[in-house]
Amino acid sequence: MANRLFAYRVAVDAQRRGIRPGRPRRLSASVIGDLMLRELARIRRSGDVTADDQDDYTIAVGAGISALQTAELYEESGLGLFVREVLDGLEREGMVTIGRKSVSRRYRGILATERALRSSRTMPWYRRLIAFFDPPDDQAPSDR
């Protein structure tokens with residue numbers, strides 16, 4: 001029991017410090033939502049994994065949200081519940097689809113929708129910057 005509590009304390013402290021040294025990373029719902037949405041879009045564009053292979057923990061690890069926690073600590077610390085609430089919000093926005101929901105266990109079958117793939121939230125920073133300078137579609141010059 002003491003080893004488990006020590007491991008939990010180390011994981012929570014490391015999570016508060018964040019991956020990078022310096023300022024601690026703030027894990028707000030919007031930040032977690034953007035990180036997870038980018039990870040889901042990356043997975044969908046690469047075609048690496050099928051939807052049945054993905055659950056909320058593997059996506060959170062891929063997005064760097066819970067990179068320093070095991071699956072047990074992810075659930076015990078309450079981060080799993082928070083991530084699932086963020087996924088519910090993304091599903092209400094129409095950005096993701098969730099195959100199987102469970103009240104007390106992980107979500108499975110999570111996929112980014114086409115709307116999420118077209119969203120500026122999933123684009124890299126340089127594409128968002130370039131798109132900023134593009135004229136609106138109705139004012140774009142025609143190729144004649």
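The residue count restarts for each chain, going from 1 along the sequence in the order it is written. Thresholds applied to this predicted model are a pLDDT of at least 70 for local features of residues and 80 or more for the giving and counting of side-chain atom pairs; totals over whole chains, interfaces and linings are not thresholded and use all residues. Think of the side-chain values as coming from all heavy atoms in the structure, minus any hydrogens and water.

Caption draft 1: How the structure looks around the confidence of the model for the protein. pLDDT gives the predictor's per-residue confidence on a scale running from 0 to 100. Summing up the model confidence of the protein, the mean pLDDT is 77 and the portion of residues at 70 or higher is 73%. For helices the rule is a DSSP run of H or I covering at least 4 residues; for strands it is a run of E covering at least 2, with both sets numbered from the N terminus onward. When the elements of the protein are averaged for pLDDT, helix H1 (residues 2-17) gives the smallest value, 67, and helix H5 (residues 79-93) the largest, 89.

Caption draft 2: Quick look at the packing of helix H2 (residues 29-46) against H5. In this analysis, axes come from line fits to C-alpha atoms, helices being fitted only over the stretch in contact, and the angle between any two N-to-C directions falls in the range 0 to 180 degrees. At their nearest, the axes of H2 and H5 sit 10 Å apart, and the two run at 75° to each other. When the axes of H2 and H5 are compared, the pair comes out roughly perpendicular. Contact with H2, carried on its side by Ala 29, Ile 32, Gly 33, Met 36 and Leu 37, involves Phe 82, Val 83, Val 86, Leu 87 and Leu 90 of H5 and no other residues of that element. Ten residues, namely Ala, Val, Leu, Ile, Met, Phe, Trp, Tyr, Cys and Pro, are considered nonpolar, four, namely Asp, Glu, Lys and Arg, are considered charged, and the remaining ones, Gly among them, are considered polar. Of the residues that constitute the contact of H2 with H5, the class distribution is nine nonpolar, one polar and no charged. Reported orientations rely on four angle classes, namely roughly parallel under 35 degrees, roughly antiparallel over 145, roughly perpendicular from 65 to 115, and oblique for the rest. Any pair of residues with heavy atoms lying within 4.5 Å of one another is described as a contacting pair.

Caption draft 3: Representation of the pattern of salt bridges within the structure. The rule for a salt bridge is simple: a side-chain nitrogen of Lys or Arg has to be within 4 Å of a carboxyl oxygen of Asp or Glu. Here the structure, examined in full by the defined rule, presents eight salt bridges. Notably, a salt bridge pairs Glu 114 with Arg 44, separated by 2.8 Å at the nearest N-O pair. With Glu 114 in helix H6 (residues 114-118) and Arg 44 in helix H2, the pair connects residues that are 70 residues apart, well separated along the chain. Across the salt bridge formed by Glu 75 and Arg 84, the nearest N and O atoms sit 2.9 Å from each other. Within this structure, Asp 55, Arg 106 and Arg 108 form a network of salt bridges that share partners.

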